[in-house]
Amino acid sequence: MESLKQTCLHSRHVALGAQMSPFGGFDMPIQYKGIVEEHNAVRNHCGVFDVSHMGEVEVKGADAERFVNHIFTNDVRGAENGKCLYGMMLHPTGGVVDDLLVYKRGDNDFFLVINAANIDKDVDWIMSHRDGFDVEINHLSDFYGELAIQGPEAEKIITEKLGIECAELSFYTFKETQYEGNDIIISRTGYTGEDGFEIYASHEVTCKIWDKLLETGLVEPCGLGCRDTLRFEVGLPLYGDELTDEITPIEAGLGIFVKAEKPEFIGKEAIIKQKEEGVSRKLVGIELLDRAIPRHGYEVLNDADEVIGAITTGYRGISVDKSIAMALIDSRYSAVDTPLKVRIRRKVFPAIVVKKKFYKKSYKK
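Residues numbered from 1 in each chain as written. Predicted model: local features only at pLDDT ≥ 70, side-chain atom pairs only at ≥ 80, totals over all residues. Heavy atoms only, no water.

Overview of the side chain of E56
Part 1 of the reasoning: Tracing the backbone shows E56 in strand β4 (residues 55-60).
Part 2 of the reasoning: Leaving out residues up to four positions away in the same chain, E56 has contacts with F111, L112, I114, N138, H139, L140, S141, Y144, E146 and Y200. (Helix = DSSP H or I, 4+ residues; strand = E, 2+ residues; numbered from the N terminus. Contact = heavy atoms within 4.5 Å.)

Details of the layout of surface pockets
Part 1 of the reasoning: Of the pockets and cavities examined, the largest pocket occupies roughly 1,100 Å³.
Part 2 of the reasoning: Lining the largest pocket are 41 residues; nearest its centre among them are Y86, Y172, Y191, L236 and P237.
Part 3 of the reasoning: Among the elements of the structure, β5 (84-90), β6 (96-106), β7 (109-114) and β12 (196-202) are those that each provide at least two residues to the lining of the largest pocket.
Part 4 of the reasoning: Taken together, the residues that form the lining of the largest pocket break down as 23 nonpolar, nine polar and nine charged.
Part 5 of the reasoning: Approximately 210 Å³ is the volume attributed to the second largest pocket. (1 Å grid on protein atoms, 1.4 Å probe; cavity = no way out; pocket = protein on both sides within 12 Å on 5 of 7 lines; lining within 4 Å. Points joined across faces, edges and corners; volume = space filled by probe spheres on them. Nonpolar A, V, L, I, M, F, W, Y, C, P; charged D, E, K, R; others polar.)

Describing the nonpolar core
Part 1 of the reasoning: In this structure, F49 and Y103 are the most contacted members of the largest nonpolar core, which totals 39 residues.
Part 2 of the reasoning: Of all elements in the fold, only β5, β6, β7, β9 (144-150), α7 (224-233) and β17 (323-330) reach the threshold of two or more residues within this core.
Part 3 of the reasoning: Broken down by element, the residue count for this core peaks at four residues, all from β5.
Part 4 of the reasoning: Leaving out residues up to four positions away in the same chain, F49 has contacts with V42, E146, L147, A148, Q150, T192, W210, C222, G223, C226, R227 and L230.
Part 5 of the reasoning: Grouped together as the second largest cluster of nonpolar side chains are 27 residues, L162, I164, I184 and W210 included. (Core = buried A, V, L, I, M, F, W, Y, C linked by side-chain atoms within 4.5 Å. Buried < 20%, exposed > 50% of the residue type's maximum accessible area, 1.4 Å probe, protein only.)

With respect to the pattern of salt bridges
Part 1 of the reasoning: Per the counting criterion, the structure on display carries 25 salt bridges.
Part 2 of the reasoning: Note that K33 and E220 form a salt bridge whose closest N and O atoms lie 3.3 Å from each other. Pair noted here: K33 is in the loop between β2 (26-31) and α2 (35-44) and E220 is in strand β13 (residues 220-222), with a separation of 187 residues, a long-range link.
Part 3 of the reasoning: Of the residues examined, K33 reaches a relative accessible area of 58% and is grouped as exposed.
Part 4 of the reasoning: Residues E155 and R188 are paired through a salt bridge, measuring 2.6 Å at the closest nitrogen-oxygen approach. Of the two residues, E155 is situated in helix α5 (residues 154-161) and R188 in the loop between β11 (182-187) and β12; the sequence distance between them amounts to 33 residues.
Part 5 of the reasoning: Within this structure, D228, R231, D241 and E242 form a network of salt bridges that share partners. (Salt bridge = Lys/Arg side-chain N within 4 Å of Asp/Glu carboxyl O.)

Points about the packing of aromatic side chains
Part 1 of the reasoning: Enumeration according to the criterion identifies 12 aromatic pairs in this entry.
Part 2 of the reasoning: Consider the rings of F67 and F133, whose centres lie 5.2 Å apart with planes at 65 degrees: the pair is edge-to-face. Here F67 is found in helix α3 (residues 64-71), whereas its partner F133 is found in the loop between α4 (119-128) and β8 (136-139), with 66 residues between them in sequence. There is no split in this pair, since F67 and F133 are both buried. (Phe/Tyr/Trp six-rings, centres within 6.5 Å; stacked < 30°, edge-to-face > 60°.)

Here you go:
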């Protein structure tokens, strides 16, 4: 069995008594004090996540913009320096290789942030499509640590306690600056539905910033458990659940991040066909009319008790106190207010289709 990788903060998680578990090939903290307490800290105050397991790839060179546009569904042409863009890399079939963030650092200079579980797959895939492009591709995942500082008090704490000016950053923008004389990247991005920032730095600097934040007593260390409950409540997808090699952005309701009008990109033909002809299955929100909790893989049924799909993510919502889920189901049953059923073990519970955003986002525009 392959040994688990560790982030630069691993010893700190252990010292804090975190519950550790494998995720994306890393030994990661799932919770410290508890998922509910950490979830509420982010919603109401400020939490910090170790997301150093994420991958980073630099793309530079004369054809960097053209290359990134070729492998990425969003359109980086004309984007201002300092802009972050969300999108996907696709197979020719339209299935998702990975969803990712692209940071435009300068003309023909891009910084790609990819999911931990897909790092090797993504890098191999990116490298396999470089022929014909004048680009330099650098895999930097082993250099960077990453912290996500999230919550309504994040800006104030970063400014006053870390001495990093960040108020001027609007949503989905970033800048390169310094912390105690060391280069960092800070972006107004996150995966919680709250205002917040992500900081990329060397391992040494990442540890210093983590320690400083916890010393303030104002920031709650948060594990991947509440990272999932937070992102789920605001309808953000998780690769492996709502997006996979077989699930397309159109099926997942993410067509806004696929710019089919731009020049050729991998998967374009399949996406255009789906946009024109429609899809046979769609990702929807579901609310159970019961306190039972739907989990990944549980069957979704129609009124005739026919299986029409499956749950991708489900929880008893912490911020909304409802049993809610996202599910990939037959498109014929995807309209809001459609009555459905969910099979949980040997019982079947009534449910209804609702919007996927169960909780209102609180981003700073």
